[in-house]
Amino acid sequence: MTRGRGIRRSAALAVALGLGLSGSLVAGPAGAEEKEGPTVRWGACPEDVAAEAAPVVLECGTVPVPKDYADPGGDRIELMISRLASTNPDKRRGTLMLNPGGPGGSGLSQPAFLANRGIPSEVLDTYDVIGMDTRGIGRSAPVACGFTPEGPYFANIPPYAVDDAAVSARAKVVKEVAEQCARRDKDGVLRHLTTANTARDLDRIRAALGEERTSFLGYSYGTALGAAYASMFPERSDRIVLDSNIGDTHLDRDGMRRYALGVEQTFPDFARWAAARHGSYGLGRTPAEVRRTYFTLAERLDEKPVDGFDGNVLRQLTFGYLFKEVQYAKLAQHWQALKSGDTASVRAADADRQAADTPPSLDNQLSVFLAVSCNDIAWPTSVDTYRKGVAEDRARYPMFGAATANITPCAYWPYPPAEKPVAIDDDGPRNILLVQNLRDVPTPHVGGKLLRKKFADRSRLVSVDDSGHGVYVYGDNPCALNTTTRYLVDGKMPGKDTFCRAG
């Protein structure tokens, strides 16, 4: 493996998923024929899924759905789903569907992940927990644009644009990326990867499971999917938990630009952590000094990379490592090595990523992220619009704004949106619990506030004084855990918005 490939792999693995992250064409409830449709035949999961789930044992099965819901009698694709079945029939309420985010995240092993991480047993008694690879992902008609770590497109967050010329140069790259995806869309699946179609798939899965309604727990982009499902099929939605919200039923340019806001709001937690450990890492005695170290180091690496690490890689790695406090030590180690300028130290700090093989799913993940984001809504097509946005966000969010405002392949996407994004429907049951950390890199707190306003009295917002991406089970706040568990198990929705103190 070349050193360049290792550097790109580090950045790609750090930010492969956005989250880790519509309309009325055929958005209505499925017809009567669906009730007589296929049921799921459960069997053993694929070996790699079973190994990842261990020691939990999952069952797997498939559900056929239309490739194109505008042509429901046309070609079908098969979706693979998994199940961790309730073993307590007296307490079983129904199904709890999961989505880990992305778009582009495989969710087949997610029921086991949550079980292994300690999700309360009452939740496992209450539901058959359903994981899945949504359309285009993993074992559900996977798509691939042919991305590699050596190529110019190896992460779904654009590179930091140091000036207007960098935006123009990136425009040429992403135009070819969009054309490359179109050339490889041989079976026509790519253009049908949308949040609205995936929500329709959820309803087909619900029907195949023999359930009148379904509950849902979605993280990051999974909140957009859950919000779309609750809006398109309000009478079919049971208890909905949306954790780490992007703020709508789709990811658009404004949503991606908010990643930079998340960095600005979350970085002070790392800066305080690093300042308290200055004697070990030497990154600054105060949070302000740690912040200055970031800018000084990034600018130095822009001018003179160290063993392939340039300023963009530093910024991308910092973005990725801010997702959870458990990663702060590794981030500090990277900074310390790069600050020393010593090639051997840099290689030692990055040894774990150098040793890891690039996941075979990386191409798939990046391709699905692009397809769903670009198909859901039309993005600006003028390069000048992106140059202006980069200049604005470089000043507004200096740590990362010139990356998240940069141009993406969506500017040249060959497939115009087939329908409008799903509109939030606030006319339905009060069954949507929104859970949000105050400080979160890809989904800052404002995302929860946006959905709370849009869903109005259908929802309640639980704001958590914590830092990181993912709250329920992924975090360690007892108030948030207890509030969410009470809702999932007993249906006790908070009477008003709730604030959970740190602890």
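Residues numbered from 1 in each chain as written. Predicted model: local features only at pLDDT ≥ 70, side-chain atom pairs only at ≥ 80, totals over all residues. Heavy atoms only, no water.

Draft legend 1. Examining the packing of aromatic side chains more closely. The full count for this structure, using the stated rule, is 18 aromatic pairs. Residues Phe270 and Trp335 carry aromatic rings whose centres are separated by 5.3 Å and whose planes lie at 75° to one another, so their mutual orientation is edge-to-face. Taken as a pair, Phe270 in helix H8 (residues 253-275) and Trp335 in helix H12 (residues 328-340) lie far apart in primary sequence, 65 residues in all. Between the aromatic rings of Trp273 and Tyr328, the centroid separation amounts to 6.0 Å while the plane-to-plane angle is 75°, which identifies the pairing as edge-to-face. Highlighted residues: Trp273 in helix H8 and Tyr328 in helix H12, separated in sequence by 55 residues. Assigned by exposure class, Trp273 and Tyr328 land together as buried. By the ring-pair criterion, three or more aromatic residues cluster together here, those being Phe267, Phe270, Trp273, Tyr281, Tyr294, Phe295, Tyr328 and Trp335. Positioned above the aromatic ring of Tyr160 is the side chain of Arg315, whose terminal nitrogen or guanidinium carbon lies 3.7 Å from the ring centre. (Phe/Tyr/Trp six-rings, centres within 6.5 Å; stacked < 30°, edge-to-face > 60°. Helix = DSSP H or I, 4+ residues; strand = E, 2+ residues; numbered from the N terminus. Buried < 20%, exposed > 50% of the residue type's maximum accessible area, 1.4 Å probe, protein only. Lys NZ or Arg CZ within 6 Å of the ring centre and 35° of its normal.)

Draft legend 2. Main features of helix H18 (residues 446-455). Buried within H18 are the following residues: Gly447, Gly448, Leu451, Arg452 and Phe455. Projected onto a plane normal to the axis of H18, the buried residues spread over an arc of 135° and lie on a single side. Against helix H7 (221-232), strand S7 (237-243), strand S8 (432-439) and strand S9 (459-467) lie the buried residues of H18. Just downstream of H18, Ala456 is the residue with a positive phi angle, here 50°. (Arc of directions from axis to C-beta. Contact = heavy atoms within 4.5 Å.)

Draft legend 3. View of the sheet that holds S8. Here we have ten strands laid out as an open sheet, ordered S1-S2-S3-S5-S4-S6-S7-S8-S9-S10, and mixed in their pairing. A strand with exactly one partner marks an edge of an open sheet, and here the two such strands are strand S1 (43-44) and strand S10 (498-500). In the sheet, strand S4 (residues 94-99) pairs with strand S5 (residues 127-132) via four bridges, with the strands oriented parallel. When the bridges of S5 are listed, Thr95 appears paired with Asp128. H18 contacts S7, S8 and S9 of the sheet and is inclined by roughly 175° relative to S9. (Pairing = 2+ DSSP bridges. Axes fitted to C-alpha atoms, helices over the stretch in contact; angles between N-to-C directions.)

Draft legend 4. Fine view of empty space enclosed by the protein. Volume-wise, the largest cavity comes out at about 80 Å³. For the largest cavity, the lining is made up of 13 residues, of which Pro103, Gly104, Thr134, Ile137 and Tyr221 are closest to its centre. Residue assignment for the lining of the largest cavity shows that the elements contributing at least two residues are H7 and helix H15 (362-376). Residue classes in the lining of the largest cavity are distributed as six nonpolar, six polar and one charged. (1 Å grid on protein atoms, 1.4 Å probe; cavity = no way out; pocket = protein on both sides within 12 Å on 5 of 7 lines; lining within 4 Å. Points joined across faces, edges and corners; volume = space filled by probe spheres on them. Nonpolar A, V, L, I, M, F, W, Y, C, P; charged D, E, K, R; others polar.)

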